[in-house]
Amino acid sequence: ELAQQVGMQVPESRDRAGDGGGKVAALSEVLKSAADFYRTQLRDSPAAIEYLKARGLTGQTAARFGLGFAPDAWQPLRAAFERYDEAELVEAGLVIADEGKRYDRFRGRIMFPIRNARGNVIGFGARILGAGEPKYLNSPETPLFRKGQELYGLHEARESIRSAGRAIVCEGYLDVIQLSQAGFGEAVAALGTAVTGAHVSTLLRTTDHVIFAFDGDAAGRKAARRALEATLPVIGDMKRASFALLPEGEDPDSLVKKHGTTGFAAELEQALPLS
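Residues numbered from 1 in each chain as written. Predicted model: local features only at pLDDT ≥ 70, side-chain atom pairs only at ≥ 80, totals over all residues. Heavy atoms only, no water.

**Student:** Describe empty space enclosed by the protein, listing the residues and the values that go with them.
**Tutor:** For the structure on display, the rule yields 1 cavity of 30 Å³ or more. The space that makes up the largest cavity amounts to roughly 30 Å³. Listed by contribution, the elements that provide at least two residues to the lining of the largest cavity are strand S10 (209-214), helix H9 (218-231) and strand S11 (240-245). Looking at which element gives the most residues to the lining of the largest cavity, the answer is H9, with 3 residues. (1 Å grid on protein atoms, 1.4 Å probe; cavity = no way out; pocket = protein on both sides within 12 Å on 5 of 7 lines; lining within 4 Å. Points joined across faces, edges and corners; volume = space filled by probe spheres on them. Helix = DSSP H or I, 4+ residues; strand = E, 2+ residues; numbered from the N terminus.)

The following block contains the structure:
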């Protein structure tokens, strides 16, 4: 915690006895290799590139967040690993082993690497290109990945959070990326789950002010209420939490596209204090 506050990195020991350090290191290496593979696949997928362009993202933004693409086949990761039958691929949530069959969990999807505070890939979010369900698919819980504790984009946002003096919490991967591209680099998101006290505590160790900016619909209002309830037990006297209730039918991604940086900044100005 002290290291995070001053922007330092705590060295990780790979041979800590008794705490599974070796296993964690092995899973981390597997996930890094997968992220590298997905990034190279994006460059060779015109459909995926066109999708990201249609969402208004630049190549520079895609590179900053390490976006990739999982080819629409059963075992594309065979090209990334010498041994596709390694147990670590299943433990890392990349491969599903079902009654003797093995196949990739992520197929035909835009890949969003999820990084921890040190910048190591710990999981993935994945969005389907066209119509279909589920629209988003996340890595399962693993020894590295705990949805209730990690925030998407926090590694990329840390310096911006310090300089802006606030963190903006939204609901989706593309909300974070679109806001970052528009100049709000302090944006982060919960990972397909409600905001938890652990999420809020993590942010309040980095900044004194957290703004929740959720979608302008009933689900977004409900998410804001849950975020408020998660914040109350962990917020200190010198900390602030605010709630930007976006217009009906809008999310940060769509609002920035329609009304630009100034439009979203105006919504933040009208954010309600926790009380």
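**Student:** Can you break down the side chain of Asn-138 residue by residue, with the values?
**Tutor:** Relative to the helices and strands, Asn-138 is located in strand S6 (residues 136-138). Within the local environment of Asn-138, its side chain forms a polar contact with the side chain of Tyr-173, the two groups lying 2.5 Å apart. When sequence neighbours within four positions are dropped, the list of residues in contact with Asn-138 reads Arg-105, Phe-106, Phe-124, Gly-125, Lys-147, Tyr-173, Leu-191 and Gly-192. (Polar contact = N/O pair within 3.5 Å; in protein donor to acceptor, adjacent residues only side chain to side chain. Contact = heavy atoms within 4.5 Å.)

**Student:** I'd like a rundown of H9, residues and numbers included.
**Tutor:** With 14 residues, H9 extends 20 Å between its outermost C-alpha atoms, agreeing within 8% with the 20 Å of an ideal straight helix rising 1.5 Å per residue. Looking only at H9, the buried set comprises Gly-220, Ala-223, Ala-224, Ala-227, Leu-228, Ala-230 and Thr-231. Buried residues of H9 fall within an arc of 160 degrees about the axis and therefore sit on the same side. Residues of H9 that are exposed and angled more than 90 degrees away from the buried face: Ala-218, Lys-222 and Arg-225. Contacts from the buried residues of H9 go to helix H8 (197-204), S10 and S11. (Expected span 1.5 Å × (residues − 1). Buried < 20%, exposed > 50% of the residue type's maximum accessible area, 1.4 Å probe, protein only. Arc of directions from axis to C-beta.)

**Student:** Explain the layout of surface pockets residue by residue, including any values.
**Tutor:** Taken as a whole, the second largest pocket encloses approximately 540 Å³ of empty space. Tyr-136, Glu-171, Gly-172, Asp-175 and Asp-215 are the residues nearest the centre of the second largest pocket, which is lined by 23 residues in total. Those elements giving two or more residues to the lining of the second largest pocket turn out to be S6, helix H7 (173-181) and H9. Split into classes, the residues belonging to the lining of the second largest pocket amount to 10 nonpolar, 4 polar and 9 charged. (Nonpolar A, V, L, I, M, F, W, Y, C, P; charged D, E, K, R; others polar.)

**Student:** I'd like a description of the environment of Pro-46, backed by residues and values.
**Tutor:** With respect to the element layout, Pro-46 can be found in helix H3 (residues 46-54). Accessibility expressed as a relative area gives 66% for Pro-46, which makes it exposed. With 226 residues separating them along the chain, Pro-46 and Leu-272 place their C-alpha atoms 43 Å apart.

**Student:** Quick one: what's the story with the pattern of salt bridges, residue by residue and with numbers?
**Tutor:** For the structure shown, the criterion picks out 14 salt bridges. Salt-bridge contacts for Glu-229 lead to Arg-225; the nearest nitrogen and oxygen are separated by 3.3 Å. Highlighted residues: Glu-229 and Arg-225, both in helix H9, separated by 4 residues, approximately one helical turn. Taking the shortest distance from any N to any O, the salt bridge between Glu-250 and Lys-258 comes out at 3.1 Å. A relative accessible area of 10% means that Glu-250 is categorised as buried. (Salt bridge = Lys/Arg side-chain N within 4 Å of Asp/Glu carboxyl O.)

**Student:** Can you lay out the pairing of strand S4 (residues 109-115) for me, pointing to particular residues and giving the numbers?
**Tutor:** By the criterion of burial, S4 is predominantly enclosed, with 7 of the 7 residues buried. Examined bridge by bridge, S4 and strand S5 (residues 121-128) share 7 bridges and lie antiparallel to one another. Directly across from Pro-113, in S5, lies its bridge partner Phe-124. Adjacent in sequence and paired antiparallel, S4 and S5 are bridged by 5 residues, among which Gly-119 carries a positive phi angle near 90 degrees. (Pairing = 2+ DSSP bridges.)

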